[in-house]
Amino acid sequence: MAPTTDERGVPIPTIDRDDEGFPPSPTLGASSLDLRSAIHSPDVSAKPTCNPTSNPSSPGVGADLTFSKKYLPLRELTLNSRPLVKRAIQFSCDGDLAVAADDSVHVFVPEFPDLTRRRKRIAEGGDPESSDEEETNEQKGKYNPETFRTQYSEGSKHMPVSFPPLDPRINKELYDAEGMPFPYDKTSAPSEPQGVEKDTNGQEDGRDAGDGDQADGVEGGDDDDWEDDSDDSSVDDDPAGGGARLGSNQPYGAGSGPITSVGSSMNHVVKISWSPSELGVNRRPILGILTGAGTLAMYGDGDMAANVLGSANGYMLQRRELASWLVLWGVGERMMVPGQSPAYSEYIRTFAWAQEIGPGQALLATLNDAKEIAIISVQTVVYVEEVLEKGRAVGGPAEKTVWHVRELVRFKAEGPHLPVSTMDPDYVPCGTSFGLSFGPWLEDDGGRTCVLGYLDRNYVGFRKLRIDKPWTRGQLPKLQVENKDTHGQCVHLTTDGFIEFEQGIFHKGDMIGCRGMISTGWHPVPFEVSLAGGAPAETAKHKTGVCGTTYNLQHCENPIIDMVVHPPPDPARPTPTPLYTLVRLSATPTTPNWYETNVPSALAADPSSPYFQWASSIQQKLEVLVPADMYQKRAYGADDSDSDEESDDGVLMEDTLEDDEGVNYTGEGLTAIDLTTDANVAREVKVVPEVHPHRFRFHGLTLSAGGGASAVLVSAHSTQHPERGGWHTQRSQVLFSYKPRRASSRSLSMYMDDDNLNFSLVNSMSTEGKLFEYLYGGGPDVPGVHYPLSSDPRHAHVAQIFAPVVRNQKCEVCGAAVTQSMRKEDLVGCEKGHFFGICALSGLAVQKPGMTRSCGTCGFKTMRPEILLQKVPEDIKEEVKGVIGRGSCMACSGKFLN
């Protein structure tokens, strides 16, 4: 039992604490402070809500979120890094998670459950919800390490992106694809880094004679220390991957800034953004990373075969590994793409991806420091290279993905405000690395239209773009850009403002357009833009004092770090303003506006609790109180002689009051009189106030593709001690919020009565995004994953095409006939007992390794298209191509593992 008095006889104040050692919150009770226990959701109304608190009597949603070996829970991730910028976390359309650090990026890929048994039970007419994972009582009592596995716990990648600088030759393949000469010849870009010595272990020691002092004639350099191989014929054959350094004859630097123009940037991570779905290899999105040197690099899967990890247990699918990730191509600084002028090296300030257009097609917008916006066409075309050996196909990748990247148009992005000198008394800093954003596409018979939003000094402009149909894959689109802004809005903008569009087209009376929210840096401002009709906006040049946007007239001291716009629950009945949630820089007990949302409580997992569980968790920790003298002891548990001097610095309560034990707090000095003892032996009692020890700093907020799950990047700090240590001591955490899974169904029609389910959004998502939303966002079952799509007419057509080939199969081991009478579950055998796997698409026996690829969502293994084409007669090959297609699973439209 703990002592009630210290060695001097002074009573020790008793504080009730929970299991984790924290005192109970005055509002939240003694519930756990961790997301891993009872979880609550925000009580938010239609008006913006700050400082979320939960209802102690609310049961929460933790009881419904039952996870098992099949469904991995979302729990916090601890990272040994901390970003330098805002908006440092983002979900992809497939549930991949990218988190920016100071000079590197973390990428996490999800694991999905194997629902093959469920589909088989449905096909056999059984109960799809019969548990195939129930543990016996004996198994429940044993330690099972799989119980502690969480989502994103494996398969992640930590990529350094700042150093060494990228070699411009990574874009050589882009010029080769367009049939254009590469601007950098081999003499200006040697294949080997100049002046890089190797130690005894064969590793580079980092000394660069070409770019260091030795190039300026400093002693210690020797011409024999490095060899110029610029005339080597092997230069053109060298794969110009990221990380190679150029010689001194190719200087660094970009743009006109005093730091970046001479290559003196620290090259930290500035912005990260995922591309739309179906753009990269295997139709997976790629990740764009912008660094401080003005370089925009694209990272994604290469054509080489990646290491696919085995399933963690019998209830999970194979896991992706990012070993095949590399720098695909880049824009900015010395990296040019076809269509750009090699006269100067531009500094990329920000970039944005257009929303999804089609498989292998996308638009990219970049903004440089000269206020020029460039629209770039980005496409991938897959070419089949048949690898033959003695007339038969052999294993190994036979598809080659070629990138077609070309600049289409460039225009100035300038607002109506006159430039202001930095010496002007009314000068206010303004600039952003997040000032570009594409709106949703409005499709018609002739093409599709969207607006591109951009930020200038105290101005938000919207420029209309249109792509005429058809846009044939591999060819340049017919892009039309308005000469003037369609809509413009003058508003005070501080540094790092940004625009967020609402998903989907907005209908308001006769107006058809889009809407969203503008983050001015301090406040959210809604906007609406018409897409159909309307004359371009005409705004004369004027000073910011004319429109009243020079200063921020609404007081705020906590800037916005990130803001997300939620998908509309019913596009036919839009809300008065877009639904949004934002977080501000600092969350402390004295800053109640760190969290703000206007999402109605009806859309929450539990209407009586906060909408995001991470908001409730952070609020609980902010309300924790501990005795000040105990918290201020740096060496907790040291002898009293070291701590008494520090404890005398505490502040006593100013008001006179008497507690239940009879201690009269006079407030006149540093002591109090204890009246519970003998009157003749009055003793002095320490009066120690309580303090809030925790504060948090936000670095980003993101939503999943369907809006049901969210993640926030925060770092915890002390309110009492200054932070010490270097980069190696920095830590941050990713906290999640999710909804309970819905009751399973065999058809989407079972959810038609759900007013909070946006079917247009669900249908537009990728299969991976739908499955992630089912697991963590309260989404419906996924067709082809939870139940088979037996009604798909393509299945019967494919079975009819391959039926003669299946009947005439021969065993390549012994030459005997492969017969269906020897079939055992997922295996088929020949007459002499040799068994093989079965292609889920054609029913053919897979008799060689490397001939199939697995779907990442349903687990089906199908033969590669080029293998199937070799097994059908020549006269029906074109028909087979049109039926089976390329790049996606025919059973569920999911993406393949490489």
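First, a word on what this report is: a plain description of the structure on this page. (Residues numbered from 1 in each chain as written. Predicted model: local features only at pLDDT ≥ 70, side-chain atom pairs only at ≥ 80, totals over all residues. Heavy atoms only, no water.)

Take the sheet that holds strand β37 (residues 694-703) next. Strand order in the open sheet formed by five strands is β2-β39-β38-β37-β29, with antiparallel pairing between adjacent strands. Here the strands that pair on one side only, and so sit at the sheet edges, are β2 (77-79) and β29 (586-587). Pairing of β2 with strand β39 (residues 732-737) involves three bridges; the strand directions are antiparallel. Bridging from a neighbouring strand, L79 pairs with S732 of β39. Contacts between helix α5 (residues 613-622) and the sheet are confined to β29, β37, β38 (710-718) and β39, with β37 contributing the most and set at about 175 degrees to the helix. (Pairing = 2+ DSSP bridges. Helix = DSSP H or I, 4+ residues; strand = E, 2+ residues; numbered from the N terminus. Contact = heavy atoms within 4.5 Å. Axes fitted to C-alpha atoms, helices over the stretch in contact; angles between N-to-C directions.)

This brings us to the packing of aromatic side chains. Inspection of every chain in the model, using the stated rule, returns 18 aromatic pairs. Note on Y152 and F772: the rings are 6.5 Å apart at their centroids and 40 degrees apart in plane angle, and the pair reads as tilted. Separated by 620 residues along the polypeptide, Y152 in the loop between α2 (137-140) and β6 (157-160) and F772 in helix α9 (residues 767-776) bring together distant segments of the chain. The same class applies to Y152 as to F772, namely buried. Among the aromatic residues, those joined into a ring-pair cluster are F91, F108, Y152, F736, F772 and Y776. The side chain of R87 reaches across the aromatic face of F498, ending 3.9 Å from its centre. (Phe/Tyr/Trp six-rings, centres within 6.5 Å; stacked < 30°, edge-to-face > 60°. Buried < 20%, exposed > 50% of the residue type's maximum accessible area, 1.4 Å probe, protein only. Lys NZ or Arg CZ within 6 Å of the ring centre and 35° of its normal.)

Think of a sheet as strands paired side by side through backbone hydrogen bonds, with each pair either parallel or antiparallel. Pairing is antiparallel in the open sheet, where four strands are placed in the order β3-β4-β5-β6. Two strands bound the open sheet, and with one partner strand each, they are β3 (89-91) and β6. Each strand of the sheet is rotated relative to its neighbour by a mean of 15 degrees, with strand direction disregarded. Pairing analysis gives four bridges linking strand β4 (residues 97-100) to strand β5 (residues 104-108), with the strands arranged antiparallel. Each residue of the ladder has a partner; that of A98, found in β5, is V107.

Attention now moves to the nonpolar core. Of all hydrophobic cores here, the largest spans 55 residues; its most connected members are L97, V105, Y152, L287, I289, V734 and F736. No other element matches the five residues that α9 contributes to this core. When residues no more than four places from it in sequence are discounted, the contact partners of Y152 are L74, L77, F91, G95, L97, F108, V109, P110, F736 and F772. By size, the runner-up hydrophobic cluster in this structure holds 21 residues, among which are I373, I375, L452 and Y459. (Core = buried A, V, L, I, M, F, W, Y, C linked by side-chain atoms within 4.5 Å.)

Everything listed here is a matter of geometry and, on its own, says nothing about what the molecule does.
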